[in-house]
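Below are the chains, spelled out letter by letter.
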Amino acid sequence: MIILVLNSGSSSVKYQLLEMQDKTLLASGLVERIGQSGSAYKHERLPGTDTSQVFSNEQDIPDHSTALDLVVKLITGEQTGVIKDVSSINGIGHRIVHGGEDFNTPILVDDDVVEGIRAQIPLAPLHNPGGLAGIETAKRLMPGIPNVAVFDTAFHQTMPPEAYRMAIPAELYSELKIRRYGFHGTSHLYVAKQCAATLGQTLEQTSCITVHLGNGCSMAAVKQGRCVDTSMGLTPLAGLVMGTRSGDVDPALHAFLTDKKGYSIQDIDNLLNKKSGLLGLCGDNDMRDIHARIDKGDSDAELALKIFCRRVTQYIGQYMAILDKTQAICFTAGVGENDERVRELSCATLSGLGVVLDKKRNQEVRRGEICEISSPESRVKVLVIPTNEELEIATQTAQVLSSS
Ligand code: AMP
């Protein structure tokens, strides 16, 4: 079975073509700056193999339709392609950021599903329109090939109300569905499954904390395979400190800033989403640049790292407190997989909770592999697990197609 995975953002389309029998990646790529100057694509044929080839070009890509047309040409082209024509594709899996309360599993797309995704746009105005554009264009360019929507929020829909409701007037929930939703669900689920396999047990037997530290950062408490809490909220701004996002702040900050600085709500939204986090604290948002500055003795960069890691520690403590028994803590994504210092600092004060890192193992993590980094006496295993959201989307798409 061949699955095309599409992750359509507001101005970009990321894609992967996978053969599901042996989970081989046939092609992957990115079309970016759609509708802007400098639009371009990068396409890789047979990534990770000896015959891998990369093709890229800067060209006019005015809209999603043109972008997807280009993707089809790249995956079927004589030089760039890996399949003869799109009829070889069995299904298309779309990453959709927000499924609200209506979607708690991946679903075959029909007109009602399209309307359901559209109805969530107020909750994800920057993300769901791109996903919808991807679905609509795929239906037009590849008629007859089934589309499956896979939601970032779906894995978190098992949270109990005491985790997802906010302590604000109840009618705001019934009227506007204001609640915690959580995001990165596909990554948290994939990592929890990999954790289960590493522990030699089923997902239903697995209770773990998944720590996704990338450009965006979030954590999930997984009890017997089901999400029972997560750090992002109504939007992906809540929770951990991120590259440019503040994560949790005192909600009274808004009124204070309006009063003292005359900021509008839009100004504050922009400030907390785009100018805060590591960037706001020290002027850099890439952890590699922050380490380079720390190595030169920069105290702002050091404080930013400490605040970032302290928040991770605090959430680990919170989640251990609500899980009966935490079997493992799993670090994943760009920072989580690659940054030994962040992992070490985040776990440094957790020995009282039975979490003890092995310094050497932590330093010897092999890129792209699942590694155990806790010491033998640690009651809780600490793992580094490379995430693969596209593979999880493809797997879920294949499951929906097989069962429908
Ligand atoms: P992701 O969103 O998972 O692609 O993660 C992207 C982020 O990972 C980047 O913004 C970097 O801050 C971080 N990152 C990538 N490689 C490294 C590394 N070797 N060490 C520390 N951070 C890294």
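Anything mentioned here points back to the structure above.
These lines cover the structure that appears in this document, whether it is placed above or below. Bear in mind the structure is a predicted one, so any value in this text is a computation, not a measurement.

**Describing the overall build of the chain**
In step 1: The helix and strand inventory of the chain stands at 15 helices and 14 strands.
In step 2: Relative to a compact globule of 404 residues, whose C-alpha radius of gyration would be 22 Å, the chain shows 21 Å and is just as compact.
In step 3: With the C-alpha coordinates aligned to their principal axes, the bounding extent of the chain is approximately 60 × 55 × 45 Å.
In step 4: Looking at the chain as a whole, 50% of its 404 residues qualify as buried.
In step 5: Taking the contacts inside the chain whose residues are at least 6 apart along the sequence as the reference set, 60% of them involve residues at least 24 apart.
In step 6: For the chain, the accessible surface area stands at approximately 18700 Å², while carbon and sulfur atoms represent 49% of it.

**Details of the sheet that holds strand E1 (residues 2–8)**
In step 1: What the eight strands build is an open sheet, ordered E5-E4-E3-E2-E1-E6-E8-E7; its pairing is mixed. Bordering the open sheet on either side are strand E5 (53–58) and strand E7 (107–108), each of which pairs with just one other strand.
In step 2: In this sheet, strand E8 (residues 147–151) lies alongside strand E6 (residues 91–96) in parallel orientation, the contact comprising five bridges. Paired with Ile 96 across the two strands is Phe 151, which belongs to E8.
In step 3: Contacts between helix H3 (residues 128–141) and the sheet are confined to E1, E6 and E8, with E6 contributing the most and set at about 165 degrees to the helix.

**Looking at the packing of helix H10 (residues 287–295) against helix H11 (residues 299–322)**
In step 1: At a closest axis distance of 8 Å, the pairing of H10 and H11 adopts a crossing angle of 130 degrees. One way to sum up the angle between H10 and H11 is to call them oblique. Between H10 and H11 lies a crossing of left-handed hand. Along its contact with H10, which presents Met 287, Ile 290, His 291, Arg 293 and Ile 294, the element H11 presents Asp 300, Ala 301, Glu 302, Leu 305 and Phe 308.

**Remarks on helix H1 (residues 64–76)**
In step 1: If you check H1, its first and last C-alpha atoms are 18 Å apart, about what 13 residues at 1.5 Å a residue would give, namely 18 Å.
In step 2: Taken together, the buried positions of H1 are occupied by His 64, Ala 67, Leu 68, Leu 70, Val 71, Val 72, Leu 74 and Ile 75.
In step 3: For H1, the elements touching its buried residues are E1, strand E2 (13–19), strand E3 (24–32), strand E4 (40–45) and H3.

**A few points about the site of the ligand**
In step 1: Around the ligand sit Gly 214, Asn 215, Asp 286, Met 287, Arg 288, Ala 333, Gly 334, Val 335, Asn 338 and Asp 339, and those are all the residues in its vicinity.
In step 2: Within the side chain of Asp 286, one N or O atom sits 3.3 Å away from an oxygen atom of the ligand.
In step 3: Out of a free accessible area of 500 Å², the ligand has 72% covered by protein chains.
In step 4: Top contributing element to the shell around the ligand by residue count: helix H12 (residues 333–338), with four residues.

**Examining the state of the cysteines**
In step 1: Scanning all chains against the criterion turns up zero disulfides.
In step 2: Left without a disulfide partner, Cys 227 is nearest to the cysteine sulfur of Cys 208, which lies 10 Å away.
In step 3: With relative accessibility at 0%, the residue Cys 227 sits in the buried group.
In step 4: Take Cys 309: it sits in no disulfide, and the sulfur closest to it among the cysteines is that of Cys 347, at 9.3 Å.
In step 5: Residue class for Cys 309 comes out buried when judged on its relative accessible area of 1%.

**Focus: the nonpolar core**
In step 1: With 43 residues, the main nonpolar core has Ile 209, Leu 213, Met 219 and Phe 308 as its most contacted residues.
In step 2: Every element with two or more residues in this core is listed here: strand E9 (208–213), strand E10 (217–223), helix H9 (277–282), H10, H11, strand E12 (328–332), helix H13 (340–347) and strand E14 (381–384).
In step 3: Per-element tally for this core: the top contributor is H11, with 10 residues.
In step 4: Apart from the residues within four sequence positions on either side, Met 219 is in contact with His 188, Ile 209, Thr 210, Val 211, Asp 229, Thr 230, Ser 231, Leu 240, Val 312, Tyr 315, Ile 316 and Tyr 319.
In step 5: Ranked by size, the runner-up nonpolar core spans 31 residues in total, among them Val 148, Val 150, Val 222 and Ile 385.

**Here's the deal with the pattern of salt bridges**
If the charged atoms of two oppositely charged side chains come close together, the side chains can form a pair.
In step 1: Applying the stated rule across the entire model yields 20 salt bridges.
In step 2: Residues Asp 284 and Arg 293 are paired through a salt bridge, measuring 2.8 Å at the closest nitrogen-oxygen approach. Accessibility assignment for this pair places Asp 284 and Arg 293 in one class, buried.
In step 3: The salt bridge involving Glu 302 is made with Lys 306; its shortest N-O contact spans 3.9 Å. Here Glu 302 and its partner Lys 306 are both found in helix H11, four residues apart, which amounts to about one turn of the helix.
In step 4: The exposure class of Glu 302 is partly exposed, given its relative accessible area of 35%.
In step 5: Assessed through its relative accessible area of 46%, Lys 306 is described here as partly exposed.
In step 6: Overlapping salt bridges bring together Glu 101, Lys 177 and Arg 179 as one network.

What counts and how
Residues numbered from 1 in each chain as written. Predicted model: local features only at pLDDT ≥ 70, side-chain atom pairs only at ≥ 80, totals over all residues. Heavy atoms only, no water. Helix = DSSP H or I, 4+ residues; strand = E, 2+ residues; numbered from the N terminus. Rg over C-alpha atoms; globule rule 2.2 N^0.38 Å. Buried < 20%, exposed > 50% of the residue type's maximum accessible area, 1.4 Å probe, protein only. Contact = heavy atoms within 4.5 Å. Areas by Shrake-Rupley, 256 points an atom, 1.4 Å probe, with all protein chains shown as cover. Pairing = 2+ DSSP bridges. Axes fitted to C-alpha atoms, helices over the stretch in contact; angles between N-to-C directions. Parallel < 35°, antiparallel > 145°, perpendicular 65-115°, else oblique. Left-handed = near helix turned anticlockwise from the far one by under 90°. Expected span 1.5 Å × (residues − 1). Near = heavy atom within 4 Å. Polar contact = N/O pair within 3.5 Å; in protein donor to acceptor, adjacent residues only side chain to side chain. Disulfide = S-S within 2.5 Å. Core = buried A, V, L, I, M, F, W, Y, C linked by side-chain atoms within 4.5 Å. Salt bridge = Lys/Arg side-chain N within 4 Å of Asp/Glu carboxyl O.

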